[in-house]
Structures are given as structure tokens and as C-alpha cells.
Amino acid sequence: MQLHMRIKNKTRTSVLLGSLCLSFCLLLPALGLPEATKSELKAANLKLAAHYSAQNNGVSMLVMQNGKIIFEDYPNGSNSSKAFELASGTKSFSGVAAIAAKEDGLLELDEAVSKTISEWKKDERKSKITIRQLLSLISGIKGEVLHPTAYADAINTELSAAPGSVFQYGAAPFQI
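Just so you know, these numbers come straight off a predicted model, no measurement behind them.

Visitor: Honestly, the side chain of Lys91 in this entry has me stumped. Any pointers?
Guide: Examined against the element boundaries, Lys91 turns out to sit in helix α3 (residues 89-103). Taking the relative accessible area as the measure of exposure, Lys91 reaches 16% and is therefore buried. Not counting residues within four places of it along the chain, the set of residues in contact with Lys91 comprises Leu137, Tyr169, Gly170, Ala171 and Phe174.

Here's what the structure looks like:
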């Protein structure tokens, strides 16, 4: 258990430090520096972030600005066409995508999922599940952790608890 916690803490530290390096690169325009200095700092910091990522078993780093790739690096035997399973990393992206969709007026976090998944409208319990509950892992749907089911199977998963009543970690709520 202690080894697991050390690895987990190291991973959190790696993600945090990598994010801080990248954030600094993205905040450079607000510093009021001459363009040449900004470009040099941005390039240096992107290389520093990429080096840090590579040293911590990172396999890709891509930075886009205004729709254009301004930096990319694929260390540790990776390349731009090699796919990697993100596993639980997708939970972060799902939350960000949901908030962006909310901000764009495409959905509300407290709307029923059955508004989109019509198969759930007739199910008394599933019809009450909200997007927020799926994202918070309190939907009552328990999913496999190591071997996620197919997407269609995730939608058909039976509830193991009432929506909103218990936290249950797993992939199925994010597959839905």
C-alpha cells in the first residue's frame, strides 16, 4: 500500500509540475515582454516541460495555439501516430468537455441523461440519473476498473445503488 501511495503521489506531482510549466508557457503573452524574449522563453519552457515529461515516462506532448501546432515531442519510443490507452485519464477530459459544453449552452449538468439516451426514459431509476451524477461517479452505475465493457454494454449496465446515493469508481459512467 505504501508503494502504491508513493507512486500515486509521484504521479500527482508529475502532472502538477508539468501543468505548471505548460501554464507558464501559455501565460507568457500577459507578461508584457518584448516578442523576441517571449518567443525564447516560450520555446525554452516548452522544451523544459517536454524534458520533464520524458523523464517521468511521458510519451507525448503537443501544444497548439490558435489552431496551429507550436510544439510537439514524442519521447520514450512514441510517435505521433501511436495510440495509448489513457484509462482513468479520460475522466479529466470528460469533465472539462462537459463544462465546455455547459458554457456553450449545449447541456446542463443537472439534466437527466435520459434526455439523450432514450432507452433510459422508461427505466424508473435510470431516468433520474443526471450528467453531474455520471461525472461525479454517484450515478449508481458501477463499472469495471481494469477491463471496461463495450459502450453499448455500459448503457445497459444495471444500477447497483440509487442515483446520487453512493460513490462507485469505474469506467462505465464515463463511457455513457
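Visitor: Can you help me understand the side chain of Ser127 in this one?
Guide: Mapped onto the elements, Ser127 comes out in the loop between α3 and α4 (131-135). Residue contacts for Ser127: discarding those within four places in its chain leaves Ala112, Ser114, Trp120 and Lys121.

Visitor: Sorry, what's going on with the pattern of salt bridges here?
Guide: As enumerated under the stated definition, the model contains two salt bridges in all. Across the salt bridge formed by Arg132 and Asp110, the nearest N and O atoms sit 2.7 Å from each other. With Arg132 in helix α4 and Asp110 in the loop between α3 and α4, the pair connects residues that are 22 residues apart, well separated along the chain. Among the residues examined, Arg132 registers a relative accessible area of 39% and is labelled partly exposed. Note on Asp110: relative accessible area 53%, which makes it exposed. The closest approach of N and O atoms between Glu111 and Lys115, which form a salt bridge, is 3.9 Å.

Visitor: Help me understand α3 in this model?
Guide: The α-helix winds at 3.6 residues per turn, so residues separated by three or four positions along the chain end up facing the same way. For α3, built from 15 residues, the straight-helix expectation of 21 Å at 1.5 Å per residue is met to within 8% by its first-to-last C-alpha distance of 22 Å. Of all the residues in α3, the buried ones are Lys91, Ala98 and Ala101. Projected onto a plane normal to the axis of α3, the buried residues spread over an arc of 90° and lie on a single side. Every exposed residue of α3 that faces more than 90 degrees away from the buried side is listed here: Ser92, Phe93, Val96 and Glu103. Those residues of α3 that are buried are in contact with α4 and α6 (172-175).

Visitor: Can you help me understand the nonpolar core in this one?
Guide: Nonpolar side chains in soluble globular proteins tend to be buried together. Ranked by internal contacts, the top residues of the largest apolar core, which has 14 residues, are Val113, Trp120, Ile129 and Ile141. Every element with two or more residues in this core is listed here: α3 and α4. Leaving out residues up to four positions away in the same chain, Ile141 has contacts with Trp120, Ile129, Leu134, Thr157, Leu159, Gln168, Ala172, Pro173 and Ile176. Listed in part, the six residues of the second largest apolar core include Leu46, Ala49, Met61 and Phe71.

Visitor: Just to check I follow, could you spell out unusual backbone geometry for this structure?
Guide: Positive phi, close to 55°, is recorded for Asn76, a residue that is not glycine. Secondary-structure assignment places Asn76 in the loop between β2 (68-73) and α3. One non-glycine residue, Leu137, adopts positive backbone phi at about 60°. Within the secondary structure, Leu137 sits in the loop between α4 and α5 (151-155). Judged by its relative accessible area of 6%, Leu137 is buried.

What counts, and where the lines are drawn
Residues numbered from 1 in each chain as written. Predicted model: local features only at pLDDT ≥ 70, side-chain atom pairs only at ≥ 80, totals over all residues. Heavy atoms only, no water. Helix = DSSP H or I, 4+ residues; strand = E, 2+ residues; numbered from the N terminus. Buried < 20%, exposed > 50% of the residue type's maximum accessible area, 1.4 Å probe, protein only. Contact = heavy atoms within 4.5 Å. Salt bridge = Lys/Arg side-chain N within 4 Å of Asp/Glu carboxyl O. Expected span 1.5 Å × (residues − 1). Arc of directions from axis to C-beta. Core = buried A, V, L, I, M, F, W, Y, C linked by side-chain atoms within 4.5 Å.

Interpretation in functional terms is not warranted from these geometric data alone.
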